[in-house]
Amino acid sequence: MEVHEAGGGINFTVDHTRAASEDQLYTDFSQRLWRMLKCGTTLVECKSGYGLDVDTEVKMLKVIDRARKDVPIDISSTYCGAHAVPKGKTAEEATEDVINVHIPKLKELMSAGDLTVDNIDVFCEKGVFDVSQTQRILQSGIDIGLAVNFHGEELNYLGSAEMGAKLGARAISHLEEVSDEGIAAMAQAGSVAVILPTTAYILRLKQPPVRKMIEAGVAVALGSDFNPNAFCLSMPLVMHLACVNLRMSMNEALVAATINAAASLGKATTHGSLEVGKNGDMIIVDAPRWEHLIYQLGGHSDVIKYVIKCGQIVHTKSKV
């Protein structure tokens, strides 16, 4: 937060994103999607959140839409216009802008068939958006048909998990500081905990209480949290960190990176497992056991022989 307050972090990226053309953003974005695909990812959540003004947020969401047509990877699109408080605004002014300007614009574009958005996210954090502001923004997203999938309890305990559970959040991410009450509320509501091992690792945060979540009956999913602060495109590496730092078993990490991750995006009926009637997405590994995908730290490029999307080979391991 000190970097953010000094004008770096999210604000630094916002300046560059606003200055970039849609084509520039698309070029970088599509290259990163292909890198994810080579690491075995066939379904990904992609967020806006580095525009903060309505025009740049829409620009980012349009870039995400373009990639749906060009890259053989399924995308769940998330609007995150409340990722930070823009320069020159208070948190309350930013909240009103999101509710009264951004979300009506999204509704207009979605209704016209000009934009597809699936989820809404808010960075609920001390010094960013408080619990009340976050709830108002999320409810506005719910009102136009968006699913709730937001940042909660990352740096400070605020009670956002309890609030999200009351709203019926499909997923809440981060959760390093979640309370026992928040875990119980998520379990009762069926909200998926999206755990991001790279964040705690890079920011040297305390690890989220994953074992407590699993024991309480919360479905735990894993994500890479790819962003300028956590430049990780490899889910096998994320799974390794989850096993070592979060004390998850390899089987738990596999479930968290597949069927539970799909559930966090409302896709568990079509993705995340090999079943009749679902998408034929899978990887073929060149190893004695599937566990080598996790065991070989950073070795996924050699372990993954084929990536298959809807029954079609979309990536083959280099023979060199």
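Let us look at the structure shown here. Quick caveat: nothing in here was measured; it's all calculated off a predicted structure. (Residues numbered from 1 in each chain as written. Predicted model: local features only at pLDDT ≥ 70, side-chain atom pairs only at ≥ 80, totals over all residues. Heavy atoms only, no water.)

Below, the discussion takes up the pattern of salt bridges. Tallied over the full model, the rule gives 18 salt bridges. Between Asp-23 and Arg-66 there is a salt bridge, with its nearest N and O atoms 2.9 Å apart. Linking Asp-23 in helix α3 (residues 22-38) with Arg-66 in helix α4 (residues 54-70), this pair joins segments that are 43 residues apart in sequence. Assessed through its relative accessible area of 49%, Asp-23 is described here as partly exposed. (Salt bridge = Lys/Arg side-chain N within 4 Å of Asp/Glu carboxyl O. Helix = DSSP H or I, 4+ residues; strand = E, 2+ residues; numbered from the N terminus. Buried < 20%, exposed > 50% of the residue type's maximum accessible area, 1.4 Å probe, protein only.)

Let us look at the nonpolar core. Nonpolar side chains in soluble globular proteins tend to be buried together. If you look at the biggest cluster of nonpolar residues, it comprises 81 residues, and the most contacted ones within it are Leu-33, Ile-75, Leu-175, Ile-195, Met-213 and Leu-222. Apart from residues lying up to four places away in sequence, Leu-33 is in contact with Val-44, Cys-46, Ala-67, Val-71, Ile-73 and Ile-75. Counting residues in hydrophobic clusters, the runner-up holds six residues, among them Ala-171, Val-192, Ala-221 and Ala-261. (Core = buried A, V, L, I, M, F, W, Y, C linked by side-chain atoms within 4.5 Å. Contact = heavy atoms within 4.5 Å.)

A separate point is the pairing of strand β4 (residues 147-152). Extensive coverage of β4 is indicated by the burial of six of its six residues. Strand direction decides the pairing type here: strand β3 (residues 119-122) and β4, joined by two bridges, are parallel. Pairing of Ile-120 across the sheet is with Val-148, part of β4. Regarding the hand of the β-α-β motif, the stretch spanning β3, helix α6 (residues 131-143) and β4 is right-handed. Relative to strand β5 (residues 171-174), β4 runs parallel, the two being bridged by four bridges. Bridge assignment links Asn-149 to a residue of β5, and that residue is Ala-171. For the crossover that starts at β4, traverses helix α7 (residues 160-167) and ends in the parallel β5, the hand is right-handed. (Pairing = 2+ DSSP bridges. Right-handed = clockwise from strand over helix to strand, strands pointing away.)

Turning next to the pairing of β3. Going residue by residue along β3, you find Asn-119 and Asp-121 tucked away on one face and Ile-120 and Val-122 tucked away on the opposite face as well. Between strand β2 (residues 74-82) and its parallel partner β3, the chain crosses via helix α5 (residues 91-111), and the hand of that crossover is right-handed.

On the surface, Tyr-201, Ile-202 and Leu-203 cluster together to form a nonpolar patch covering roughly 280 Å² of accessible area. With respect to the secondary-structure elements, Tyr-201 resides in helix α9 (residues 197-203). Of the residues examined, Tyr-201 reaches a relative accessible area of 53% and is grouped as exposed. (Patch = residues over 30% accessible without salt bridge, like charges linked within 9 Å, V, L, I, M, F, W, Y side chains within 5 Å. Areas by Shrake-Rupley, 256 points an atom, 1.4 Å probe, with all protein chains shown as cover.)

Within the secondary structure layout, Thr-13 lies in helix α2 (residues 10-19). Judged by its relative accessible area of 16%, Thr-13 is buried. Residues contacting Thr-13, with those up to four places away along its chain left out, are Tyr-50 and Pro-228.

What the seven strands build is an open sheet, ordered β1-β2-β3-β4-β5-β6-β7; its pairing is parallel. Of all strands in the sheet, those with a lone pairing partner are β1 (43-47) and β7 (220-222), marking the two edges. Mean inter-strand twist for the sheet, computed between neighbouring axes without regard to direction, equals 25°. When β1 meets β2, the two strands line up parallel, connected through five bridges. Counted as the bridge partner of Lys-47 is Thr-78 from β2. Against the sheet, α3 touches β1 and β2, its axis set at about 150° to β1. (Axes fitted to C-alpha atoms, helices over the stretch in contact; angles between N-to-C directions.)

Right, let's get into unusual backbone geometry. At Leu-175, a position not held by glycine, the phi torsion is positive, near 70°. Tracing the chain through its elements places Leu-175 in the loop between β5 and α8 (180-189). Looking at Leu-175, the relative accessible area reads 0%, which means it is buried. Here the phi dihedral of Arg-204 falls at roughly 55°; this positive angle occurs in a residue that is not glycine. Within the secondary structure layout, Arg-204 lies in the loop between α9 and α10 (210-216). By relative accessible area, Arg-204 is classed as exposed at 77%.

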